[in-house]
Amino acid sequence: MEFAELIRTGQAQAELLRGPEEPPLRGTLCITGHHLLLSPEPQATPDLWLLLLRNVDSIEKRVAGDSGTITLRCKDLRVLQLDIDGVEATLDIARSIEALSSLESVITSFPFFYRPKGLRLGDAWHFHPPECYYKRVARETNAWRLSEANEDFSLCPSYPRAVIVPRAVDDSALARSARFRQGGRFPVLSYYHAPSGTVLLRAGQPLTGPQKRRCSEDEELLRGVLAGARPGARGFIVDTRSPQAAKQARMTGGGTEAKAAYPGWKRLHRPLERGRPLQESFVHLVEACGDVEQSMDRWLNRLESCRWLSHVKETLSTACLAAQSMEQEGACVLVHGADGTDSTLLITSLAQLILDPLSRTMAGFQELIEREWIQAGHPFQLRCAHSAFSHARPKHEAPTFLLFLDCVWQLGRQFPLSLEFGEGMLLALFDHAYASPFGTFLCNNEKERCLCEVRTRTHSLWSGLSQPKEQRKLRNPLYVPNPLAIWPSAEPQSLRLWQGLFLRGTRPPEPSEVAWEKVWQIVTDQEKTEGSQPTDSASEPRP
Amino acid sequence: MEHIRTPKVENVRLVDRISSKKAALGTLYLTATHVIFVETAPDARKETWILHSQIATIEKQATTATGCPLLIRCKNFQLLQLVIPQERDCHDVYISLIRLARPVKYEELYCFSFNPKLDREEREQGWMLIDLSEEYKRMGLPNNYWQLSDMNREYRVCDSYPTELYVPKLATAHIIVGSSKFRSRRRFPALSYYYKDNHASICRSSQPLSGFSARCLEDEQMLQAIRKANPGSDFIYVVDTRPKLNAMANRAAGKGYENEDNYSNIKFQFIGIENIHVMRSSLQKMLEVCELKSPSMSDFLWGLENSGWLRHIKAIMDAGVFIAKAVSEEGASVLVHCSDGWDRTAQVCSVASLLVDPHYRTLQGFMVLIEKDWISFGHKFTHRYGNLDGDPREISPVIDQFLECVWQLMEQFPCAFEFNERFLIHIQHHIYSCQFGNFLCNSQKERQELKIQERTYSLWAYLWKNRADYLNPLFRADHSQTWGILHLPTAPCNFMFWNGMYNRFEKGLQPRQSVTDYLMAVKEETQQLEEELEALEERLEKIQKVQLNRTKVKSKQSEPSKHSGFSTSDNSTANTPQDYSGNVNSFPSRSPSQGDEDSALILTQDNLKSSDPDLSANSDQESGVEDLSCRSPSGGECAPGEDSGRDRDSDEAVFLAA
């Protein structure tokens, strides 16, 4: 594909404003197929400033006299202003950015061209498939097996090739259960909680329809789950919709598990927001955060009415409920909503962070995201097509993954020593989910990623993040392994606006960066001192 | 004591507010100074101590089948829900506490009976820790423009002002007296802060008695003198911190605000901070929100908005930012007043000083700031914080708001303050506790008459002694970002609800791990390791010197082959106990918890118990929090602390044997 036809102008002179208290940058502006570049004039910093065009969420142009101004609102919530010499140049650049930033084709996107120094294609792609997780489970229990029934994605296009299912259930039963579940998403293992021997499962809604259809294989599968746990084990089905919404879904062929059909399982409804209302909540919050002139009352009113923090609270408390059912009640938990690709993953991944110390390590967290979001078929391409500034009418966009990151941030705030990664990691994940030079968040599921050969033709974000120079930003120097479950408070008083993300556009980042540096300094000072050997240091200079 | 009707009630239940199912059974004691609840659980006799002076309200609720509930709300935001089996006992407790919580004379307050067993000298030293005349010297005063005035000697001009005040050199006695007669309660304009770098100053006063048209030549001259004391600017700002409507209403009562036409070269500015009554009811509303049982996010945010609390906090901050900018950026002096000039004016002057001068962001500087702008300038502590039985309409959380402003600043600038959140919380606690004499009375004059310094102890000395607990490990005195003037973003989305203060006794709502404590422990550990390292290096050097000398001497006498055998035996003699202990004494004992030996106040264990505000907490650690003690420096791992002597001994032995 040729981008040349979309680029209307080669270059222009421009001045760039990057937000509060950052000095403006003047130089030559250039557009390439994937980037906006500014090469500063000789006396300024020698560094080239670079913006991935895919990161542009909305563009606004204004011309006055013989110059123009372009305001770029980015998907990572930053706002940039370009003052460009020449009206024609301004309009040409604006049009080029508009065209290039909205390209939808995956295989012409930047990750397919990105070839950074020091990274090899194919690295870090094989770290985290379900097979690895299965090995961990198999060490603890024999009740589960790795099934390759979905080898060709025929059972479920949004599942990976291999999934973990009860040993007692054969592949043909899985196929029939898949036909009974939305999107073919039959119940699979998400997490095995070794201390209690209970499991966390996820699925799509059962297709009971108005006739209240049943599926004996699906029932057998869930029976098998309880039998595999321990004699007399109970289970909870956490439906992330309200009872009314679940009932209503029957009219369109969906529904929820009938009590009589699944003995031992008890259904709980915990309605979570999804889809367009969630996207609107995000948009309204970002809008409110951008208004620095409003009164306190207006701000609190908007913070309340956008409901973002309510969603954070509901999500956290539902995840706690799922985790508590497993750890304290010794019950198995199945989570699903309608599709099982959004709020379901939110709950299963958060419950694991609460319960599983391994998932709170740097590697474990990456593995969790790979397994519970990417491989589990969260449609990143659709959900993250636009961020909060886009004027395009939202179709499939929803900040589900951002809601997850916000909840993790809240966990980290309440347990600042228990996560091995810091706020920088969460911010990086948010940035990369919306626009990235890496292939990790491309496409909507494994099947699509295989078709596009993402794994062989792009670099993995995880290898990008494992670069030594990134570590100070991403790691939490305060981390102390905590073998216990971490139970957060989901009371409103304990939750906060994630300022580090939502106020990115309006607040200078320095104070918190300075603090982060200091934390690192204190901790590394200690490590240095601990590591030093009095004998060596004292005797070395001596003859 | 005659007010205690029943000293002890058994089988009382303390209800947990978060999960009302849980209740601890125990015994309630009333003493002369405290309400004490002791749990009868066999494993841990957990104690909850409440000072009588902390009690804000006591509410007797309708008797139920299980007993008679008694709700005690404290000024430090603790909430105690007790269920007493017998109605009669409950009534007795209620009546006793009503009286105990509202003493009628100063002598009943805790500070007059609180005795940390210090001798007279130590107590006096404690009071001398914070010295305002030193502070004015630090500002660069007196100088060519400002002088110490003795006009208020024996409180002759203004009885709510201190005796030592700085005024412009040009302000003659005649001008001062004239101006004071034209100001509410004779609180004439005096210096609060002087900015050395550009000669701009922050002055404070009360409102002028201008009514609709009155003028006062001396007052006009006074303002002119303030302007002339700053050669860098040809005007001064006059900031009235009240809403315009309130100020105008005051004119009808013969008070009001400066008319720009009458004063030469002033720029007049209103900044709408509401009065003490609005603030009192705002806090009330916010605390009701905090008391809600598992509220939804909307309930909470709506309640927070409706209380107006954060709006008021922002108004105070905005005023502080305005003044800080005027002084530091425009180089213009500012005269601040409200009505009487002892509430809003104190808030605003101290916030502005904090923004401008990094010294006030240090531990000692902050104590000085409170001493100067609040205590010495006659903030009415006894009235505002209800220490004695009095008019409830005088009570208002004025200094609480200031402390919150500081906290909001700390959140925005994590490295700019030498002290941590706990410092603010403990100051708040002691403003109400009446355990120390600092915050007693309504003016310096009253304090002097009551001989506070001879009869009570100073909080500042106590806080200073325990300063290790109050340090912010992230403080960076060296950084330009944090050491200069703080440029505060004041958009409303930067302000937060202060959960750590208003819900501080609800441990379940607080973060379960503390970054501050962890980092302080790490720092302390590092320091101790460094000291050990240093000591070992020193010793090694000594030994090697000795060894070298001996070798030199020896090598002259005998063959080099004997060298090794000799030196090893010599090593053991070098490691004599005397030598070692001498070495130990030469280590500077820098462990901050031990304090400076000279100025240290030694409190007994008993006194510490009642004076530590956190110990009165009803701690509730049910969550899966890993015990941090294993990381703390006194824990096993690196084993410094008291055992360090012995450890060092054995370490050394091993090292020398090697």
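Parameters and conventions
- Along every chain, residues carry numbers that run from 1 in the direction the sequence is written.
- Going through the entries in the order they are written, you letter the chains from A and number the ligands from 1.
- Local features in this predicted model are restricted to residues of pLDDT 70 or higher, and side-chain atom pairs are both shown and tallied only at a pLDDT of 80 or more, whereas totals for entire chains, interfaces and linings draw on every residue.
- To obtain the side-chain values, all non-hydrogen atoms of the structure were used and water was disregarded.
- Nonpolar core, defined: a set of buried Ala, Val, Leu, Ile, Met, Phe, Trp, Tyr and Cys residues in which side-chain atoms within 4.5 Å join the residues together.
- Throughout this description, buried means an accessible area under 20% of the type-specific maximum (1.4 Å probe, protein chains only), exposed means over 50%, and partly exposed covers the range between.
- Going along the chain from the N terminus, every DSSP run of H or I of four or more residues is numbered as a helix, and every run of E of two or more is numbered as a strand.
- Residue contacts are defined here by distance: any two heavy atoms, one from each residue, within 4.5 Å place the two residues in contact.
- Each residue carries a pLDDT value, the predictor's own confidence for that position, ranging from 0 to 100.
- What counts as a salt bridge is simple: a side-chain nitrogen of Lys or Arg found within 4 Å of a carboxyl oxygen of Asp or Glu.
- Throughout this description, a polar contact denotes any pair of N or O atoms lying within 3.5 Å of each other; where both atoms belong to protein, one of them has to be capable of donating a hydrogen while the other can accept it, and for residues adjacent in sequence the pair is counted only when both atoms sit in side chains.

Draft legend 1. Region of the structure containing the nonpolar core. By size, the foremost hydrophobic cluster in this structure holds 255 residues, and its most contacted members are F365, F404 and F502 of chain A together with F366, F402 and Y502 of chain B. Per element, the largest residue contribution to this core is 12 residues, and it comes from helix α9 (residues 309-330) of chain B. The contacts of F366 of chain B, once residues within four sequence positions are left out, are L354, H359, Y360, F402, L403, V406, F419, F423, L424 and I427 of chain B. In terms of nonpolar packing, the next biggest core, distinct from the first, is built from 25 residues, W49, I70, L80 and I97 of chain A among them.

Draft legend 2. Region of the structure containing the confidence of the model for chain A. Per-residue confidence for chain A gives a mean pLDDT of 90, with 95% of residues at or over 70. This model gives residues 535-543 of chain A a pLDDT under 50, and the stretch forms 10 contacts once residues within four places in sequence are excluded.

Draft legend 3. View of the interface of chain B and chain A. In this assembly, 64 residues from chain B lie in contact with 62 residues from chain A. Our enumeration of links across chain B and chain A arrives at 3 salt bridges. As a salt-bridge pair, R311 of chain B and D297 of chain A come within 3.1 Å of each other at their nearest N and O atoms. Put simply, chain B and chain A have 14 residue pairs in polar contact (both at pLDDT 80 or more) between them. Among the elements that take part in the side of chain B that touches chain A, helix α20 (residues 515-557) of chain B stands out by supplying 15 residues, more than any other.

Draft legend 4. Molecular detail of the pattern of salt bridges. Residues and elements named next belong to chain B. Enumeration over the complete set of coordinates arrives at 53 salt bridges over all chains. Note that R73 is salt-bridged to E59, the shortest N-O span being 3.1 Å. Note that R73 is positioned in strand β6 (residues 68-74) and E59 in strand β5 (residues 55-60), a separation of 14 residues in sequence. Classification of E59 by relative accessible area gives partly exposed; the value is 32%. A salt bridge links E394 to K380; the nearest nitrogen and oxygen atoms lie 3.1 Å apart.

Draft legend 5. A look at the environment of R344 of chain B. All names here are of chain B. Position of R344 among the secondary structure elements: in helix α10 (residues 344-356). Assessed through its relative accessible area of 10%, R344 is described here as buried. For the pair R344 and M317, spaced 27 residues apart in sequence, the C-alpha to C-alpha distance is 11 Å. Those residues within four positions of R344 in sequence are excluded, and the remaining contacts are T241, R242, P243, N246, I273, E274, N275, C338 and S339. Of note is the side chain of R344, whose polar atom sits 2.8 Å from the backbone oxygen of I273.

Draft legend 6. Seen up close, the confidence of the model for chain B. When pLDDT is averaged across chain B, the result is 84; 82% of the residues are at 70 or more. Of the regions scoring below 50 in pLDDT, residues 556-611 of chain B engages in 68 contacts with residues more than four places distant in sequence or in other chains.

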